[in-house]
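Residue-level listing of the chains:
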Amino acid sequence: MLNQMLTKDYIRNLKNNGNGAIGHLVKEYQDSSSLIFILENLGQLPKSFDGSFLPELLLHKNSTVRFWVVKTIGKLGDEDFLPILKKVALNDSDTNVRREAVSSIGRMRTKKGQSVLLEVLQDHDPKIVCQAIRGLLVFKGDDKVDNILKPLLNHENEMVRSVIYKEYFANQKDKYQQPHSESYNYLKNVVVNADTLEVMKLLKDESIHLTFTSPPYYNARDYSIYPSYQSYLKFLEDVFAEVYRITKEGRFLILNTSPIIIPRISRAHSSKRYPIPFDIHPYLIEMGWEFIDDIVWMKPEASVKNRIGGFQQHRKPLAYKPNSVTEYLMVYRKSTEKLLDWNIHQYDWQTVQESKVPEGYETTNVWKIDPCFDKVHSAVFPVELCKRVIQYYSYKGDVVFDPFAGSGTVGKTAKSLGRFFFLTEKDETYFNYMKSKKSTKMFDTFETRFLILK
Ligand SMILES: C[S@@+](CC[C@H](N)C(=O)[O-])C[C@H]1O[C@@H](n2cnc3c(N)ncnc32)[C@H](O)[C@@H]1O
């Protein structure tokens, strides 16, 4: 009988009747789901609303009920409830309820509320601290508030630091800078035969839209000999710090690497495995790249080196060596306080339409793609791999960069997808190989230029 009465319309009518009618109704329904239903459907509250029944419900054992009670108290905007909200904000056992209490205090926008929010800044939960900051930012410009918020730039939590940075310290970009979607002509469809570090030094800040690359694998091939693993990592660190500088705000770096194995020198020694993607990752984060995704490139087992053979014979635990059929595509974004929408809004409608990713795109982070073999270069990207990366992470007309171009697969694919490319390759043989492909007519307006550094 009671349940039949409990409809949204019934609740709305009752709340407008005044006289504490909702308070009476609540007394009749003590179970959690009915209480939640009532509170959830109150909507905006009339000025005359009697909320005196609410504080008692803050003792309810169900946290969703308490959440809705706090939300309802918040709607009243009545400073008399401030001490109660403060108590919930500091002491409730559920973080969502505490957060809602802080949010309700913030929405009051009062001086008394302000001093509670300042107290909440000491909370151990960063989400609660961020909520308090949000409430306090209403008073941005007030010396007292600014002087307390700004030092939170050194807060131990990264979310807190990032909010404060965005609000108080993010420098306004030079308004004369190049528009985001545009790029310099000197970067369009160019292949340079030189050490990539030497070339990047000559490029302007924020001039590349996307970098997709596979760096030389430490001492695994002739073109990648380094005196030590540490010096190899240092080299990559230098390269990706420069890539960071020349990448446009909020744009992506997709880095293809995998652990490698250096064979043993004799049967008396063991081979050594180097986890390149995991070792380079902390350097990238430290220099400001934001980690976005890990995509696994999976190859058919028949296409990779057989390591499991020995184990298949003896089956002795500890000597298990699976065939490595995967490589990583680690996806990073140049750090920015702007959302992806900001990047997307830099393009005109037509470019956005024309760049839309066609049907049949990959929906998981496991990309099953056959490797590719080339008669000149020993480690080329499959075109399909480049195609996906370029389609998913760039717009038509963007400049796509590969600092370690090899046979130029990134350039060739970028061109076929209506993007421009900028490639560097140190090895003259591979440079000449790219040149020999005679695919110079890349765009109507831009032919490919093959340059040496001087
Ligand atoms: C793994 S291969 C890239 C292959 C390429 N993804 C492709 O599809 O052909 C790495 C390339 O980086 C080049 N390289 C190594 N050190 C370099 C440097 N300091 N500057 C420019 N290129 C370099 C090597 O010669 C090699 O061709």
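See the structure printed just above.
Residues numbered from 1 in each chain as written. Predicted model: local features only at pLDDT ≥ 70, side-chain atom pairs only at ≥ 80, totals over all residues.

(A) View of the environment of V296. Considering the arrangement of structural elements, one finds V296 in strand 6 (residues 289-298). Considering only alpha carbons, one finds V296 and W367, 71 residues apart in sequence, at a separation of 6.1 Å. Beyond its immediate stretch of four places on either side in the chain, V296 contacts T326, Y328, N365, V366 and W367. (Helix = DSSP H or I, 4+ residues; strand = E, 2+ residues; numbered from the N terminus. Contact = placed C-beta atoms within 7 Å.)

(B) Local environment of helix 6 (residues 63-76). Spanning 14 residues, helix 6 covers 20 Å between terminal C-alpha atoms, matching the ideal 20 Å at 1.5 Å per step. Those residues of helix 6 that are buried are in contact with helix 4 (32-40), helix 5 (54-57), helix 7 (82-91) and helix 8 (95-108). Of the residues flanking the end of helix 6, it is G77, one or two places downstream, whose phi is positive at about 55°. (Expected span 1.5 Å × (residues − 1).)

(C) Representation of the sheet that holds strand 11 (residues 449-452) in the model. What the nine strands build is an open sheet, ordered 8-6-7-3-2-9-10-1-11; its pairing is mixed. On the outer flanks of this sheet lie strand 8 (366-368) and strand 11, each paired with one strand and no other. Averaged over all adjacent pairs, the angle separating strand axes in this sheet is 20°, with direction ignored. By the bridge criterion, two bridges tie strand 2 (residues 208-213) to strand 9 (residues 399-402) in an arrangement that is parallel. Note that in strand 9 the partner of L210 across the bridge is V400. (Pairing = 2+ DSSP bridges. Axes fitted to C-alpha atoms, helices over the stretch in contact; angles between N-to-C directions.)

(D) Region of the structure containing the packing of helix 8 against helix 10 (residues 126-136). In contact at an axis separation of 8 Å, helix 8 and helix 10 are set at 10° when each is read in the N-to-C sense. Taken as axis vectors, helix 8 and helix 10 run roughly parallel relative to one another. Residues T95, R98, R99, V102, S103, I105 and G106 of helix 8 lie in contact with helix 10, whose contacting residues are K127, I128, Q131, A132, R134 and G135. Taken together, the residues that form the contact of helix 8 with helix 10 break down as four nonpolar, five polar and four charged. (Parallel < 35°, antiparallel > 145°, perpendicular 65-115°, else oblique. Nonpolar A, V, L, I, M, F, W, Y, C, P; charged D, E, K, R; others polar.)

Nothing here speaks to function; it is all geometry.
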